[in-house]
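What the coordinates show
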Amino acid sequence: MAKNKIPTLWFSYEVSLDELWRKFEEMGVDSNFISYSPLKMITGNIEWIEKKIKEAKVKYGTKVVFLDHLGFLAKSLTNPNDRSLGFNYALYLSSLCRDIKRIAINNGVSIFLLVHRTKDKDDSDDTSDIAYSAGIAQEADTVIMIRREKVKSPTENDIYTNFAFLNITKNRKTGISKRICMEVKDGRLVETIYIPQTPLKKLIKELKFNKND
């Protein structure tokens, strides 16, 4: 996006702006990198977020917005029809995502919304792996899942590798899904080839010779 001169706007609630900029520098950006952010994340209320998006569009021509992440966002429940959402977190998140999509459409921007995956699945990648609410994926036009690859150590503890699988599990515009193996290099995820490692105990068992051999 930076190479194509597309201005981006970042709402980073979990990572400080200094840390976010350090990550960008690690990926090779320079001071001409056209990205913007509010100086302070005053609130996660989407009404405030929409106000800042409109402001960034006027000032900088912002076209793409990143929200990191859903758990920090909130909506006002002033509408009597919405008050029941306070008793059902899944429905609340679905409604919140519906409002975010409305903001994207009404303001002519693309919004990337980061959300957490469930933690109990290691080798599956579909929209059911999105934590808390099925409505999150239902409202999205595209769903991209990233799963970091793990291997078992000799002590049977999980060890994370530098490899990850990126899966386009929903693509409303074209219907095309895709699975790409990625590796972290210089702070970026780049396409690569990965051969899953054989657990050490299994490998030893397979290589064990009969005493008569």
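Details of the structure are given in the entry above.
One structure accompanies this document, and this report is about it. Keep in mind that what you see is a predicted model, and the values were worked out from it rather than measured.

Rules used in this analysis
Along each chain, residues carry numbers from 1 onward, in the same order as the chain's sequence is written. The predicted origin of the model limits local features to residues at a pLDDT of at least 70 and limits the giving and counting of side-chain atom pairs to 80 or more, whereas totals for whole chains, interfaces and linings rest on all residues. No hydrogens and no water enter the side-chain calculation; it runs on all heavy atoms of the structure. Each helix corresponds to a stretch of at least 4 residues labelled H or I by DSSP, and each strand to a stretch of at least 2 residues labelled E; elements are numbered beginning at the N terminus. When checking whether two residues touch, look at their non-hydrogen atoms; a contact exists if any pair is within 4.5 Å. Computed over the protein atoms alone on a 1 Å grid, cavities are sets of points where a 1.4 Å probe fits but cannot get out and pockets are open sets with protein on both sides within 12 Å along at least five of seven lines; a residue lines them when it has an atom within 4 Å of a point. Grid points are joined across faces, edges and corners, and a volume is the space filled by probe spheres set on the points. Throughout, the ten residues Ala, Val, Leu, Ile, Met, Phe, Trp, Tyr, Cys and Pro are labelled nonpolar, Asp, Glu, Lys and Arg are labelled charged, and all others, Gly among them, are labelled polar. Note on aromatic pairs: the rings of Phe, Tyr and Trp (six-membered ring only in Trp) are paired at centre separations within 6.5 Å, and the planes decide the class, stacked below 30 degrees, edge-to-face beyond 60, tilted for the rest. Whether a charge lies above a ring is judged from NZ of Lys or CZ of Arg, which has to be within 6 Å of the ring centre and within 35 degrees of the ring normal. A pairing counts as a salt bridge when a side-chain nitrogen of Lys or Arg comes within 4 Å of a carboxyl oxygen of Asp or Glu. Whether two strands pair depends on DSSP finding at least two bridges between them.

Structural notes on the side chain of D99
- Here D99 is to be found in helix α3 (residues 89-107).
- For D99, the contacting residues outside a window of four places in its chain are I46 and K75.

Observations regarding empty space enclosed by the protein
- In total, this model carries one cavity of 30 Å³ or more according to the counting rule given.
- Space inside the largest cavity adds up to approximately 30 Å³.
- Along the walls of the largest cavity sit I46, I49, I53, L67, I100, I103 and I111, which together make up its complete lining.
- Mapped onto the lining of the largest cavity, the elements with two or more residues apiece are α2 (46-60) and α3.
- Among the elements that make up the lining of the largest cavity, the one with the highest residue count is α2 (three residues).
- The residue makeup of the lining of the largest cavity, split by class, is seven nonpolar, no polar and no charged.

Observations regarding the packing of aromatic side chains
- Scanning the entire structure with this criterion turns up 10 aromatic pairs.
- Between the aromatic rings of W21 and F33, the centroid separation amounts to 6.2 Å while the plane-to-plane angle is 35°, which identifies the pairing as tilted. Placement of W21 in helix α1 (residues 17-26) and of F33 in the loop between α1 and β2 (35-36) is noted, with a sequence separation of 12 residues between them.
- Taken together, a centroid distance of 4.8 Å and an interplanar angle of 20° make the contact between F66 and F112 stacked. Separated by 46 residues along the polypeptide, F66 in strand β3 (residues 64-68) and F112 in strand β4 (residues 110-113) bring together distant segments of the chain.
- Of the aromatic side chains, those joined through ring pairs into one cluster are W10, W21, F24, F33, F66 and F112.
- One residue, R179, lies across the ring of F165, its end atom 4.1 Å from the ring centre.

Things to note about the pattern of salt bridges
- For the coordinates displayed, the defined rule picks out 11 salt bridges.
- Put simply, D99 and K75 hold a salt bridge, and the shortest N to O gap is 2.8 Å. Within this pair, whereas D99 is found in helix α3, its partner K75 is found in the loop between β3 and α3, the two being separated by 24 residues in sequence.
- For E149, the salt bridge identified is with R147, shortest N-O distance 3.4 Å.
- Beyond isolated ion pairs, a larger network of salt bridges with shared partners links E19, R22 and E26.

Some details on the layout of surface pockets
- Of the volumes computed, that of the second largest pocket is approximately 190 Å³.
- Considering the residues around the second largest pocket, the lining is formed by 13 residues, among which S37, P38, K52, E55 and Y60 are closest to the centre.
- The leading source of residues in the lining of the second largest pocket is α2, at six residues.
- When the residues that make up the lining of the second largest pocket are grouped by side-chain class, the tally is eight nonpolar, one polar and four charged.

Concerning the pairing of strand β8 (residues 188-191)
- Note: strand β7 (residues 178-185) against β8, four bridges, orientation antiparallel. Note on β8: the bridge partner recorded for K185 is R188.
- A loop of two residues connects β7 with β8, the two strands running antiparallel in sequence, and D186 in this loop sits at a positive phi of about 55°.

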